[in-house]
Protein chains: 2
Amino acid sequence: MNTTPAYAALEAKGKVNPFSIERRDPGPHDVQIDIEYCGVCHTDLHFVNNDWGMSQYPIVPGHEIVGRVSGVGDKVEKYKQGDLTAIGCMVGSCGTCQSCQRGNEQYCQNGMTATYNSPSEDTGGVTFGGYSKSIVVHENFVLHMPESLEITGTAPLLCAGITTYSPLRHWHVGEGMKVGIIGLGGLGHMGVKFAHALGAQTVMITNSESKVEDAKLLGADDVLIASDADAIRKECGEFDFLLNTIPVNHNIDPYLDLLKIDGTMCVVGAIEPLEHVNAAQLIFGRKNLAGSLIGGIKETQEMLNFCADHSIISEVEVIKMEQINEAYKRLVKSDVKYRFVIEMNSLS
Amino acid sequence: MNTTPAYAALEAKGKVNPFSIERRDPGPHDVQIDIEYCGVCHTDLHFVNNDWGMSQYPIVPGHEIVGRVSGVGDKVEKYKQGDLTAIGCMVGSCGTCQSCQRGNEQYCQNGMTATYNSPSEDTGGVTFGGYSKSIVVHENFVLHMPESLEITGTAPLLCAGITTYSPLRHWHVGEGMKVGIIGLGGLGHMGVKFAHALGAQTVMITNSESKVEDAKLLGADDVLIASDADAIRKECGEFDFLLNTIPVNHNIDPYLDLLKIDGTMCVVGAIEPLEHVNAAQLIFGRKNLAGSLIGGIKETQEMLNFCADHSIISEVEVIKMEQINEAYKRLVKSDVKYRFVIEMNSLS
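Presented here is an overview of the structure given in this document.

Calculation notes
Residues numbered from 1 in each chain as written. Chains lettered and ligands numbered in written order. Predicted model: local features only at pLDDT ≥ 70, side-chain atom pairs only at ≥ 80, totals over all residues. Heavy atoms only, no water. Contact = heavy atoms within 4.5 Å. Buried area = accessible area lost by both parts, 1.4 Å probe. Salt bridge = Lys/Arg side-chain N within 4 Å of Asp/Glu carboxyl O. Polar contact = N/O pair within 3.5 Å; in protein donor to acceptor, adjacent residues only side chain to side chain. Helix = DSSP H or I, 4+ residues; strand = E, 2+ residues; numbered from the N terminus. Nonpolar A, V, L, I, M, F, W, Y, C, P; charged D, E, K, R; others polar. Axes fitted to C-alpha atoms, helices over the stretch in contact; angles between N-to-C directions. Parallel < 35°, antiparallel > 145°, perpendicular 65-115°, else oblique. Least-squares fit on C-alpha atoms with pLDDT ≥ 70 in both. Phe/Tyr/Trp six-rings, centres within 6.5 Å; stacked < 30°, edge-to-face > 60°. Buried < 20%, exposed > 50% of the residue type's maximum accessible area, 1.4 Å probe, protein only. Lys NZ or Arg CZ within 6 Å of the ring centre and 35° of its normal.

1. Topic: the interface of chain B and chain A
On the side of chain A, 33 residues touch chain B, which itself brings 33 residues to the contact. Among the residues chain B hides against chain A, the three largest losses belong to Tyr107, Ile283 and Arg286 of chain B. Together they make up 25% of the total. One can count 0 salt bridges joining chain B with chain A. For the pair chain B and chain A, the interface holds 9 residue pairs in polar contact (both at pLDDT 80 or more). Of all elements in the fold, only α4 (160-170), β12 (259-267), β13 (273-274), β14 (277-278), α9 (279-283) and β15 (288-291) of chain B reach the threshold of two or more residues within the side of chain B that touches chain A. Residue composition of the side of chain B that touches chain A, grouped by class: 18 nonpolar, 10 polar and 5 charged.

2. A few points about the packing of helix α4 (residues 160-170) of chain A against helix α10 (residues 297-310) of chain A
Residues and elements named next belong to chain A. Their axes nearest at 10 Å, the elements α4 and α10 cross at an angle of 100 degrees. One way to sum up the angle between α4 and α10 is to call them roughly perpendicular. Side by side, α4 and α10 meet where Gly161, Ile162, Tyr165, Ser166 and Arg169 of the first sit next to Glu299, Thr300, Glu302, Met303 and Phe306 of the second. Taken together, the residues of the contact of α4 with α10 break down into 4 nonpolar, 3 polar and 3 charged.

3. Describing the relation of the copies chain B and chain A
Superposition of chain B onto chain A requires a rotation of 180 degrees combined with a translation of 0.0 Å along the rotation axis, giving an RMSD of 0.0 Å. Each copy turns onto its partner about a two-fold axis. Distance from the rotation axis, computed per C-alpha, reaches its smallest value in chain B at Leu289 of chain B: 2.5 Å. Mapped onto chain A, 100% of the interface residues of chain B again fall at the interface, so both copies present the same surface.

4. Considering the packing of aromatic side chains
Per the stated rule, a full pass over the model turns up 12 aromatic pairs over all chains. An angle of 55 degrees between the planes, with centres 6.1 Å apart, marks the rings of Phe194 of chain A and Phe306 of chain A as tilted. Of the two residues, Phe194 of chain A sits in helix α5 (residues 186-197) while Phe306 of chain A sits in helix α10, which places them 112 residues apart along the sequence. Given a relative accessible area of 11%, Phe306 of chain A falls into the buried group. A ring pair is formed by Phe47 of chain B and Trp52 of chain B, whose centres lie 5.6 Å apart and whose planes are at 85 degrees; its orientation type is edge-to-face. Overall, the relative accessible area of 10% leaves Phe47 of chain B in the buried class. Residue classification places Trp52 of chain B among the partly exposed residues on the basis of a relative accessible area of 35%. Pairwise contacts between aromatic rings join Phe47, Trp52 and Tyr116 of chain A into one cluster. Across the ring face of Phe239 of chain A, the terminal group of Lys178 of chain A is positioned such that the distance to the ring centre comes to 5.1 Å.

This is the structure in structure tokens:
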């Protein structure tokens, strides 16, 4: 059951009790938050199902969290009771490695602490996420949520939002660039909004004719149907950057074709082996295939502020806690536009 | 037999005679060169064998060419009779596309003209390469070969040299960086020399214990044996840049492990599908998998000048033309240190 190296290390130190579901008491630097909304990420379902063989039951999923501060530790300076705040995919990191020092806590070389299912020295158990009425988090991993945004659409910004915003910024997407967002789901719909707001010529690339209208409403200048070989051929070598949000293994070669010389395709969805990568595609155009994981804390705050400046939120369907199993079934069928959000006061 | 689109297009215009082996007469901008040495690249063997299904017989291979100018057209200004010159993998490009305008003729969007087996409007046939006593090339694709270098070791600079130099420069390899050169063959031995000369901490990564001593003589600070799992584990996350010169399909995942956050592995050898790429490797470290093809003309001249400044040449075994079939057999077994070069006065 205890499958991760970090978990095994804690266990060896006698610090793990996988059956503990106690949250920690707030420490001097902690912020206690009453959760109002929590987004439903496909990752939650993977962990619930133990698809990746690393689930530590019992699990409390949820890493797209919005709520108000209900209490702060003695030494907390950045937050006070009543503040609207958010928690994303991380609640801790070493703070000392090069990645942390550079504000890339998501790549912490000693392993960041995920918001749920991560070994936690504080409780001796694992961390528990946002499908809950409250959470306690170190102030360094708490974010200010702008009050101006419609709150129901904000929770998914914490994972779907930053996962797409960070690579678009890292690869300097902006005016004068042609950018393709591959896949129109939870991640893809945020990618289109951000690429458009950053000033890029934004093309949604999808297999579904039915998504054309929606993609344009979200901000896409054009829509390219991936199964239309003629249309794809005409666009070969035209894209500066592609953000690939497809969440499963797929053949990426046709997409690499779309890139200009020196173009980059960044994969953010498929956390698994890709069946096939044609190295000739990379060689004959000095193309880049890259990946990107969420974003650092500072950049996540920057993203939330960017959303406030551009009135960007996620498109969501609000559900009650008791609807979660139904929501998971629909998630598998991509039957949601574009993210479920749980109203936490439905949890009694 | 006529398999390439460019070739088919010329054929449709009635401009192709695949059985013509006439070289063109020198035009006003052409340079005629008496070839002294021509390197033997593995690509030559692929074309001779039609491994890639695009060979146009008869073939005259060879794209690592060194020789002296024996004549110039009326309008040639950069070269005169007797100059020591070189020709690499290209003899033409459109000159007008964005790639050409940026000095990246190798990525010409209208298709560069390869030194051999490329459709040629000039002759109505295909281009013929350096396994020959002479060649006629437009001055824009002729390079000055520094006289200070030992001539027998210079020919391979034109392919093996620029193929490794260009990515090392493109990804800013230099002091303070830890760089791995994967594979010690014709490309790899040049990669080690260049990375060392550029001031990087240079590590040869090879499967062969027998190559350790040689790698160090070539300039490697360290050698990492790829099959030594413990040694590889210790080096995980340590490399800024990897130049992968392995010429065939292979599992690249263990090498991606070696990269730091934001590190890049550039593939220059395997012009074919890679069996397996773990996208999680890219995502969890924002890593890049890239490719690179030779280099532009300006950069190739810069590379030759760099070689003169740092006394860099290839390690070669000089052969006579009549030994070519034996050389090909040995090439397949990697039985050469590290490049065969044909002495062209052996061609009678």
